[in-house]
Each structure stands twice: as C-alpha cells, then as structure tokens.
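One letter stands for each residue in the lines below.
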Amino acid sequence: MKIMGLWTVCGLLIVFFFGCSNSSLYGEEFEVRNEPPVTYKYDRVDEVKKACASVLSSASEFQPDDNRVYSIKKELPFVNGDWEQDAGGSPLMPYVVGKTWDNSSDFQTPMNLVSFWVTDVDTTRRLKKSVSVSGLLTLGITLENSFVGKAYGSQFQLWPGNSMLTVSFQGIYTESKEKNGERVMCLLGTTMLPSRETESSDPWAWLQASGHSFDQLPLSEDDQILLVLRYPKKFTLTRREVKGEMKSLNPKSNPKYFDEVRISSQLNAVYEFSSEKIVAKACDPYPFKDSFMDNGIDIYKDTEFCAIIRKFSQEGAFTVVPNWRCNRTDEYCSKLGPFVTDKEIKATDGGFQGVILFMQNVDCEEKTARDNTYSARVSAVFRAVPPSEYSYTSAQRSGLNNMTLPAEGIWRSSSGQLCMVGCVGSMDAEGSGCNSRICLYIPQSFSIKQRSIIVGTVSSISKDDNSYFPLSFEKLVQPSEMWDLNHFMSSHLHYQYTKLDLAGSILEKYEPFSFGNVIKKSLLTFPKLEDAESSRFSLSLLSEDLTLHVSALPDPRPRLPVPRIDIQMEIVSLGSLFGRHWSNGSSIEEEIPYHAKTEYTEKQLLLNVSAQLMITGKAYKNFSVIFVEGHYDLHVGKMYLVGCRDVRASWKILFESMDLEAGLDCLIEVIVSYPPTTAQWLTNPTARISITSNRKEDDPLFFSTIKFQTLPIMYRKQRESILSRRGVEGFLRILTLSVVIACIVSQLLYIRDNVDSVPYISLVMLGVQVLGYSLPLVTDAEALFKKASDSYETPSYELDRNQWFHVIDYTIKLLVLVSFLLTLRLCQKVWKSRIRLLTQAPLEPTRVPSDKWVFITTLIIHVIGYIIILIIHAAQMSEKFRTERYVDSNGNFHVQRQWETELEEYLGLVQDFFLLPQVIGNFVWQIHSKPLRKLYFIGITIVRLLPHFYDYIRAPVSNPYFSEEYEFVNPNMDFYSKFGDIAIPVTAFFLAVIVYIQQRWNYEKLSRALTFGKRRLLPLGSATYQRLSSKSFEAELASGVNENTTHAKEHEGEELS
C-alpha cells in the first residue's frame, strides 16, 4: 500500500508538472500583444514650414475632386528599398561584420535596406497645398534580414550582421506639377543616433573597446533630420521610381551630423501600360526571330499565360546560363548582359556560378481578340543577384539600380513569345535608356536538355555592337512542379526521349550475360508494373517506388566520418507517363483495368525513363543536378542512363568544349541499382548509384567515377504494411523475451527441488543479466535485437503514429521488466541460501561459495579485452582516441568520445558472455552438483546469440549520421562485424559446453580427465568448499527458533517459493 501511495503521489506530481509546463507554453504562444494606442502630435508645424519651404513653394493646390489624399497610407509606403551614402565622410551608422544563421561564409555582402510607412494622415489639418502626415522610417545594414514589419519607437539596434535605425517623422504631403507631376512628402524626424567619437578618426571607436555591450549602446537624441520623398503620380515603365533624400540639419561640426542619405524604391500603385512606343523599339515587328523559335520545342500558346507567369515568377529565381557560345574578348564575354558587372561577377569569367535572376512585380493583363486569339500586356522588374548576397532577402528588395531591369512588353498566342523592352539605370520619359530586348517563352515539351518551364534571353537593341553578349536565363522546374503544372495548364505537357540509343549501348556494356544474373532474375523480384485500374496508374505507382529521397555515403564506405550526402532522384517520365497520374474517373481509358503480365519479352522488360538526380554535399557542387534519361530493366532493377549536367566553368573552356549540348555536358553514364522487393530482411535494402564521365582524363570537364550507396529504403507496399523490418524485429524481441522468461521460470522451479545446488549459482552471472535488463529500462535502449534495429529506416510519420508499433514497444518494455524482476528473485534465492550456509558454519565462512574471486577474475578478463579492443581500433584508425561530434535524429549536436562509445558497445559483449562468471565459479568452488538447469543456460545462450545469427544472414547497414542510436553495439566494431557474428556465437557456445561438462562430471572426475601423465591442468580437490547440507541446516534453524518439523518444512517451502 505504501508503494502504491508513493507511485500515486509521483504520478500526480508529474501530471501537475507537465500541466503547468504546457499551460505556460501555450500561454506564451497565444498571448496577444496589445499595442498601446498611438496619439500623433503635430507640434513642429513651424519647423516643418521652415525646413520644407522649397517644397511648399513648388506645390500646387489640391483639386476639389482629387481623392489621392485618401490613398496616401496605401500607395506611398514602401519596403526594402535601397539607400546609400558617399564613402569617406560622416556615416550614418556603424556595422559589425557577422555571419548568416547557418554560420555560412557564402553570403558576405551586406545590403543597405530602407522601409517607410505612412502612419497617420490628419485630414483635419488639410490646407490648400498640403496636408499633415506622420511616418516611420526604418533603414539599416543587414546580411539576411528584411525590414518588412514596423519597428515602433525611435531606436537604434546593433548586433553582428545587422544595424537598424528607426526614425519617427511628422510633416506635410504636397503635390507638384513639375517633372510631369510628383507627389512629395517633406518630414522632420526624431531618433536616437549612435554616438560618434569626436577625437578619433574612427567615429565608432567605442566598438573596439573591451567590455562593450550590444544591449547598452552609446546613443544621443537628434531631432534635426529632414526627409524628402518624391513619388511619380503615374506608375509606368519610365516613371516608377521613388526617390528620396534624408539630411541632417545640424552643422558639420556637430557630432550628430551625417552625410546625405539617398533613397530609392518603387511606387506601390496600379501599373499603367502606356509605353507602346518604347516597346515597339524592341518588338516591332512581332514576334522577334531568335534561335529559340526554331529549335523544335513546343511553346505554350493557350489562355493561362498570365497565371503561369505569375506562379513561377514568385516561386524562386531564374538560373543564368553561361556564355558558352561567346567567342570574343574576355571583357565582352564576361559581362552579365546589360547589368553592371562588378568584380565578383567578373570573377566567374562568364560562367556565372551562383548568379541568379529574379522576376519581380509582375503585372499581366489578358485580352481576347475577335478571332479568338489571346494576347497579354506584361510588366516586370528583372533583378540580378550576385552569389555573395542572401537571395531570400534580395528577392524582396524594391530599390532600382544598375542591377535591375524594369521591362514592359506584349505576348500573343499566335507565337507564344513574350517580347519586352528593358531599361537599366536612369530613365527619362522618352525611354532613352531602354536599350534591351527580353524574349521569354513557356515550353510545354521537355527533354534531357530542356528542363525549364520558363526560358528567355536579354539582348541589346543598341547600335553599339560591343555592348554585351546576349544573356540567357531559365527557370528550372522540379518534377513535382511539372505534375502540378500538368493539371494547371489546359494543354498537356509531354517528354521527348532523345538519348535512348546511347542508353541502350550503356546497357549492353554493363549487363553482360552471367550465371549470377540468371539466378538474380529467377529468385529475386524488383520494382515492376502491378495490377491497377489503368496502365497510367500502374506506371505512376512504379514511378513512386523508383523515386529516391535518402541520405547516402561513398561506396566503398570510408573509415573516417564523411560529411552528410543527400540523394534526391525524382522520376520525370516513365514509359508514356509524364509526371504522376491520379485517377478521377473522367476518361474511358481509366476505366479499363491494367493487369501486369507474368512473362515479358526483352523489349517489354525495358521501360523508358527520365529523371532528375540531385546530390547535396560540399564535395559535389558540380554535380548538384544531373538530368538523366535511358532504360529501366524490370528484371534486375537497374537503370542504364545518359546524364547531362550544368557545367560552370569559364566561357573559354565552355567554348572550346565543342561537344556541349545546349551548354550541358552530356558525356556521362549513370547506373542506378535498386534493392529487391523480396528478401528485404535478408539483403541490404540500399540503392547504389554510379556516375562516370566518358571524357578523356586531360579534358577539363573530366571527373573521376563517383559511387554512392544509399541508406536503406522502403518501397510503397513496405511502407503501407505493418510487417516492415521494424515490426518483424519487434515480434522477434517479444518472442525471444518470452523464451527468456520461460527459461528463468524453469530455473526457479528447478532450484525448488534442488536446494543443495542453489548457493553455487554465480551472483556475478545473475548481476550481468540484471544489468542487461535494467539498462533498457533506464536508458530506453532495446533489450535484444538492438543491433538489428539500427537506424536503417528513416522515421516516418505514418510509422511513428501506427498504434501497433506502440503496442509492440510497450509489450517489450513490460517483458523486460518481468525478466528483470524474475532475475532479481533468482538473485534473492541464491543470496538467502548462502546466508543459511554461513549460519550453519559461522566459524568456517570459507566453506560457503563466494563471488569475490569470480568477480575479480571476470573483471580482469573484460578489462584486458576492452583494452585490447581499444588498441586494435586505435591502430586500425591510425590515430589516437578522438572525440567526435554527431547529429542526432532531431538535429541536435552531441560530443562523443571514442572510448566511451566502445565501452558502451563492449557491454553488449559482456552480456553475450554471461556464462563466463559461472564457468570461473564452477572451477573455484569445485562443484559436485548441477546448479543450472540445461534449459536455462542453453536457452538464454541461444537467445543472446540470435541477433548475431540474424545479422549474419541479413546485411546490416548503419546510419553514419545518427551515431547515438547504437546504444550497445556498433557494426564497425570487430566483435560486431561479420567475423564477430561468427566468433561470438562460437565462444558463447563453448562456454555453454564447459558449463554442461562441469555439471555432468564432478570436479574430481574432470580433474582426472585433464591429467596428462604427471601433469594436471586442474589442481587437486580441496576441502575448502566441502558441501554442507542445506536441508539439515534448515531443520536446525527451524528447531533453534522452537518450531516443529512441520513448520520447518513449511518455512522451507516458503523460502523457495
């Protein structure tokens, strides 16, 4: 009752603890922050009039029917514009160099961003030429952050990689007729500026001082800040830029003075298509004849052009294609089209590695003509981003500079071409700076050389022939996006196979006739077509099985840890199927069931396949994406593929490589081998990938053969079935633990009838088993088959939430607990029997069996064994004991020392040799009885060795990235290698045989058997452990306490029950 009460109290405390924790967590998560209401004061009217006198002098009166005043808060804010200052003067704010969130050094160029919001418009203070407004401006220097949200209050914040200043403004809004009409805001601001050092050449010398804190910065209030923002009244191609200046009204001698800040952004209003004359400079006559229109690729010409262009312009950046066809000067071929090419882009030497292009602010208006043809007018801004900028933030920038190309143009369904004129740099109303032509297409046919949903070029329409080489770009589409697009577009996308003949020669090269292949084809089955409701649905199911999303490691696996490698292989088309197929019952074809054939001809065994292979890893940047096409052999589960990769090298190397196809290196062979669907538990369920270059070794595009072996994968049916390896091994654990319990129970029943032999059971042996059962209860490790349950499977939500697996896990824990308690009971009986013997002969304690020397001997043997293991592994690794960092399955970093890891793994070996203490004890005690039942020690030995037999017949694959999942064993250790899977069972079986012989022959008989001439392997028998009668002792003990004989027997029965 006391124990039950204790557990009840503990349970209530746990429930209370988690209840409080959860309530606190959710309370914080759903807490609504009520911002205090802001009262805007216009208490600097006179100062504003004085500072904004020039703006007011050019202002025009508001028209009575002009409602633009009411759209100020909606149209005049902007976010993530650009700002700049002249270098060498009085900077506005300091900046501390930092790194990105993932500690990567790839993004090193900070961005100067500025955002502005109109927070209040006071129409009660509306005058003829102005109206009072309040605003909030945030500007800063950042590596990766964007200034989208308002930061209330005047403040300055600084931390590595980010500087941010917030300024509160009040002032006036006016309109002017100058420059074809402008909307102007003139504002006075207040903020807390970072203090400057007046006696040092470095204004931010305090950053270098020791002990400075980013939470306590030296700041000084400044209310002498003037901001003037100028907006165009109309939003067109040439009049879209918002310009501004922020000045300090303080004298230059004042430490609060800073140089003028120039601001650039874009108007947030409805775009007006009114630049037909400028567009005609590039697109008259329409369509413009370029190389893409004659390359045989089907172009989209249907009604959903605007929806498609909006969708894919918002979903990532365009890839810039190298100038692989350029053959002029280095300066000419290294230019990034019309964009200003800085040192970083020039360093790519025309290969444009890491340079991307965003298509922003897309406006598209569709029209239908009388002849049922479709047309559209399109406006957009193309923004080039160098490799050192953080692309996610760059995609949100709105400033216009020499890396932006505002464009406007037309699209017509007759040709499918979007022709636009582009303008770089400063623009006038006539578009004198608009000297670029953009031609853009949406292909609807794909091939190994064409995997883009949007392709385009930027070329010059200037009379200057040396302007720049035409810049090509493309929007590579992922296979999953192709499937969505196939449903999104009313016309059908399709794939064109162009490399099947080459793939056939690869098949003949790598698939010669062999006896092994014949056996493989006859005994094993691989992913193949199945019975389904339609042939397309059967192809779709097979395509799902052939898709790979898994981690991998080099093949053969290196001894030292390797950086993580991720493999993604998406099937683009399989046979006649493009993408995936989901049945909706709308077509007659889908209603015809498909039945897989039992026998196939050689041609029918080969399916045409195309895929996209993505390899993520630092050492494989040049192989990040490989487009493949070829054959899949259903009989052997292999793909024989031709590969094409996007090569990033200098324009000279690419031009001299005359065998490039569309700028791609297609002299690549790829072999993908899939594991069988049968014998999944007896063979490695891993895929193997081989990538080989067919170029000569002196070719700059040559690379050595790359081979990968993936971590184990599961096919669709195996994921859907509970009989996965995890489930099967769970049932095996339940079965083996049940056998262990039966063995222990049989031993308890055996000692009830063999009381004299109980003291001769080794407590060290029982202690090893207790340790083996207690550790899983404490550490949540597996009691048995841990080695078999390595992290071969990637955890999935479906498996984790399967109730059957929870039932299996709880059943295993319950059986482990029962085994633990029964073994403790066995220990208790042995201990009590020895106490009774000691009570019988208190003056001769040496005649009672003791585990002292058994423990010492066992400990010495295992310590020596452990040291030998460490020495062997240190020699094999050719390095000293090291400390490793690994990532667990939750993404957390851990530090693991090699000696600690091998000590934990050695514990598994100690448990396998649990009979070693009993063997030693039998020799020390010179037994003349049978303390252990044969079912007990033979049964448990077999159970302990089952994981080794299981591991030997199936091929274990470890997960090198989640080391913490090996609680007791590691397949890399010698005693858990293939050799160990043989050596350990042999040794354990040998120990069981010794115990059997020791119990079958008494010590004297065994000593005589091991006597060779005058030499004895065992010493003569000693009287030290002369047997004492446990039964006579129990009678004496019973009479000593005045109990009759009957009561003594009852007592004996009670003790042994």
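Residues numbered from 1 in each chain as written. Predicted model: local features only at pLDDT ≥ 70, side-chain atom pairs only at ≥ 80, totals over all residues. Heavy atoms only, no water.

Along helix H5 (residues 276–283), the positions that sit buried rather than exposed are Ile278, Val279, Ala282 and Cys283. The buried residues of H5 occupy an angular sector of 120° when projected down its axis, which confines them to one face. Packed against the buried residues of H5 are strand E14 (404–412), strand E15 (418–422) and strand E16 (436–441). (Buried < 20%, exposed > 50% of the residue type's maximum accessible area, 1.4 Å probe, protein only. Helix = DSSP H or I, 4+ residues; strand = E, 2+ residues; numbered from the N terminus. Arc of directions from axis to C-beta. Contact = heavy atoms within 4.5 Å.)

On to helix H23 (residues 916–925), then. Of all 10 residues that make up H23, eight are buried, and the element is covered over most of its length. For H23, the set of buried residues is Leu916, Pro917, Gln918, Val919, Ile920, Gly921, Asn922 and Trp925. Gln926 sits one or two residues past H23 and shows a positive phi near 50°.

Attention now moves to the pairing of strand E24 (residues 606–616). Pairing of strand E22 (residues 565–574) with E24 involves eight bridges; the strand directions are antiparallel. Across the sheet, Glu570 pairs through a bridge with Gln612, a residue of E24. As judged from the nine bridges shared by E24 and strand E25 (residues 625–633), these two strands associate in the antiparallel manner. Across the sheet, Leu606 pairs through a bridge with Asp633, a residue of E25. (Pairing = 2+ DSSP bridges.)

Further remarks concern the pattern of salt bridges. For the structure on display, the rule yields 24 salt bridges. Residues Arg262 and Asp86 are paired through a salt bridge, measuring 2.8 Å at the closest nitrogen-oxygen approach. Of this pair, Arg262 sits in strand E10 (residues 261–266) while Asp86 sits in the loop between strand E2 (78–84) and strand E3 (111–122), placing them 176 residues apart in sequence. What makes Arg262 partly exposed here is its relative accessible area of 29%. Glu365 is paired through a salt bridge with Arg377; the nearest N and O atoms lie 3.1 Å apart. Residue Glu365 is located in strand E12 (residues 356–368), and its partner Arg377 is located in strand E13 (residues 374–385); the two are separated by 12 residues in the primary sequence. Residue Glu365 is classed as partly exposed on the basis of its relative accessible area of 35%. (Salt bridge = Lys/Arg side-chain N within 4 Å of Asp/Glu carboxyl O.)

Moving on, we get to the packing of aromatic side chains. Using the criterion set out here, one finds 15 aromatic pairs in the structure. With a centroid separation of 4.9 Å and 70° between ring planes, the pair formed by Tyr271 and Phe273 is classed as edge-to-face. Taking relative accessible area as the criterion, Phe273 reaches 10% and is therefore assigned buried. Grouped by ring-pair contacts, the aromatic residues Phe235, Tyr271 and Phe273 constitute a single cluster. Above the plane of the ring of Tyr332 lies Arg328, whose end atom (NZ or CZ) is 4.2 Å from the centre. (Phe/Tyr/Trp six-rings, centres within 6.5 Å; stacked < 30°, edge-to-face > 60°. Lys NZ or Arg CZ within 6 Å of the ring centre and 35° of its normal.)

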